[in-house]
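Chain by chain, the residues:
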Amino acid sequence: MADLHTKIGALELKNPVMTASGTFGYGLEFADFVDLAEIGGIIVKGTTLEPRQGNAYPRMAETAQGMLNCVGLQNKGVDYFCQHIYPEVRQIDTAVLVNVSGNSPETYAECARRIAELDDIPAIELNISCPNVKQGGMAFGVTCEGAASVVKAVRAVYPKTLIVKLSPNVTSIADIARAVEAEGADAVSLINTLMGMAIDAEKRRPILSIGTGGLSGPAVKPVALRMVWQVFEAVQIPIVGLGGIMNATDAVEFLLAGASAIEIGTANFIDPAVTVKVARGIEDYLDRHGFTSVREIVGLAHEG
Amino acid sequence: MKKYILDLVLRRTTQPRPGYVLLQLTDPDKPLPEMLPGQFVEVRVDGSPTTFLRRPISINLVDRQRNELWLLVHAVGAGTRALAALTEGAVVNVVLPLGRGFTLPEEAASEWGAASERGAASSRENLEAQSYLLVGGGVGTAPLLYLGQELAALGYKPTFLLGARSADDLLQLDDFRRLGAVHLTTEDGSAGERGFVTQHSLWQTATFSRICTCGPKPMMVAVARLAHEKGIPCEASLENLMACGLGACLCCVEDTVDGNVCVCKEGPVFSTDKLKW
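Residues numbered from 1 in each chain as written. Chains lettered and ligands numbered in written order. Predicted model: local features only at pLDDT ≥ 70, side-chain atom pairs only at ≥ 80, totals over all residues. Heavy atoms only, no water.

A. View of the interface of chain A and chain B. In this complex, chain A contributes 32 residues to the contact, which on the side of chain B involves 30 residues. Applying the counting rule to chain A against chain B returns one salt bridge. Across the pair Arg55(B) and Glu62(A) runs a salt bridge, and its minimum N-O distance is 2.6 Å. On the surface where chain A and chain B come into contact, there are 10 residue pairs in polar contact (both at pLDDT 80 or more). By residue class, the composition of the side of chain A that touches chain B is 14 nonpolar, 12 polar and six charged. (Contact = heavy atoms within 4.5 Å. Salt bridge = Lys/Arg side-chain N within 4 Å of Asp/Glu carboxyl O. Polar contact = N/O pair within 3.5 Å; in protein donor to acceptor, adjacent residues only side chain to side chain. Nonpolar A, V, L, I, M, F, W, Y, C, P; charged D, E, K, R; others polar.)

B. A look at the pattern of salt bridges. With the rule as written, the count across this model stands at 22 salt bridges over all chains. Arg66(B) is paired through a salt bridge with Asp63(B); the nearest N and O atoms lie 3.7 Å apart. Residues participating in the shared-partner salt-bridge network are Asp79(A), Glu110(A), Arg113(A), Arg114(A) and Glu117(A).

C. Spatial organisation of the packing of aromatic side chains. Tallied over the full model, the rule gives six aromatic pairs over all chains. Geometrically, the ring pair formed by Tyr26(A) and Phe81(A) is tilted, given 6.1 Å between the ring centres and 35° between the ring planes. With a gap of 55 residues between them, Tyr26(A) in the loop between strand S3 (17-19) and strand S4 (41-47) and Phe81(A) in helix H1 (residues 78-89) connect regions that are remote in the sequence. Just as Tyr26(A) is buried, Phe81(A) falls in that class too. Centroid distance Tyr108(A) to Phe140(A): 5.7 Å. Interplanar angle 85°. Geometry classified as edge-to-face. With Tyr108(A) in helix H2 (residues 105-116) and Phe140(A) in helix H3 (residues 138-141), the pair connects residues that are 32 residues apart, well separated along the chain. Across this residue pair, the class does not change: Tyr108(A) and Phe140(A) are buried. An aromatic cluster of three or more residues is present, and its members are Phe24(A), Phe30(A) and Phe33(A). In this structure, Lys2(B) is placed above the aromatic ring of Tyr4(B), and the distance from its NZ or CZ to the ring centre is 5.3 Å. (Phe/Tyr/Trp six-rings, centres within 6.5 Å; stacked < 30°, edge-to-face > 60°. Helix = DSSP H or I, 4+ residues; strand = E, 2+ residues; numbered from the N terminus. Buried < 20%, exposed > 50% of the residue type's maximum accessible area, 1.4 Å probe, protein only. Lys NZ or Arg CZ within 6 Å of the ring centre and 35° of its normal.)

D. Fine view of the domain arrangement of chain B. All names here are of chain B. The assigned domain composition of chain B is domain 1 (4-98), domain 2 (105-237) and domain 3 (239-277). The gap between the C-alpha centroids of domain 1 and domain 3 is 22 Å. Across the boundary between the two partners, domain 1 contributes six residues, which contact eight residues of domain 3. For the pair domain 1 and domain 3, the summed buried surface comes to about 570 Å²; carbon and sulfur atoms form 69% of the total. Looking only at domain 1, the three residues that lose the most surface to domain 3 are Phe-40, Glu-42 and Leu-98, adding up to 55% of its buried area. Counting every contact that joins domain 1 to domain 3 gives zero salt bridges. The tally of links between domain 1 and domain 3 comes to one residue pair in polar contact (both at pLDDT 80 or more). Considered class by class, the residues forming the side of domain 1 that touches domain 3 number four nonpolar, one polar and one charged. (Domains from an automatic or database assignment. Buried area = accessible area lost by both parts, 1.4 Å probe.)

Here it is in structure tokens:
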């Protein structure tokens, strides 16, 4: 039985399988289907300083091997999370992380500062890559200066593990990764969704309410894998890989490309029990190939 | 209510009308879980390369004696066409039961009882005085069959008002007739009265204490308006585009007096005075 424990900065995970923000609610929505304690980490939905209504309906379009969404960070705000959600999710026997978003370095930092006060939230994932909000979000994630400014502000007030979620909608994701590493990020997670769109030919209009949205699902996996590969060669900090992971083999490919842990997103919609299956499948893979720890295969495809 | 991921077996597939398929599914090993009228299931679609997400489909009927779940599918896109092409014996993966269904008489009576602050005896009278009108359009009639069955099982005689484009789009009429009076409208006059459900003469003569509706949005909006004018509580079942079906992805939101809420979790059935449509 191979050891599945892994580390992201100071954050220790019982296995490398986490859930991607915005695809697993607060975890509790999936408790009928999986033992949440068997998941390595749960990253709860994007949280902002102030409540947000998100974008208008329709927010979703199915595409070939994937889907587009333009939810736009609908959430009840960080104070609501601290008062009403945190008391429930802290009971879950696994690492619970909060995905933090904002519209200025100051609002990101203030949101992070309030979450830092919650004892049982060991890390945050900083979302500088949401393609669906007008102000902030991806605007910070597509330039080195923008990314650095947010990480700098948050790093100053947030002492625990800081993971920065990167946008794939850039020319060089390695450059962005280096910029956030230089400002003290403990890890990077990638990729957020790829910007895309869908048009209804009969109605001759975009399907999504704001025209464009973020593409996720198996369709983006080769792009995500390539970016994890490139970022692994560019930075020293750990990488959390995500983008279209549907099964354990997909997850292993991300580990081999350089990810220390992975996130499962859209696949949760197809199989609400997929997370636990992937964790067990990674273990099977390690056993089958004679590895004693999942840490042995991180970045292994780069050797030789 | 506990949710399950189940591999069901397709026991029978029939075409009630061209373009529509009735899937009668069973669990060969154990009784089907508790499911309520108005709830829905998310069906995984295998063997269709262009279909990625599950398809949300309303519960058409639960037959406890035969341990069957009925899904009525209108084959309009790649996903529903793939479901329509399934053959008997096929394994169909479903997540169920999802969402909040129609308010059943006990709950409805307790709501009214609390409002009127009357004693138990008179609330029993209230309960007996309740008359349900179930208004459906097109394939939106599907969940009304299960609702009608459950109302009938509780001792009520539901009245159905079903509308469609033409007689060819009216589904399961024999099943509805076993449960209560059925009134029809068609846009082309090929069955029942010509016109929309809201134009039916029934509205002039009969009165109801509660209305439940499912069908195209414009129809439900019109039914809700009529119900509001008459002061009758009304519930509508929405079918927004959705992905997860569990309240996790926030894609299927509807604008309500409580803000944007997930149709898959807070609905699909809503009291129409909560909706901002």
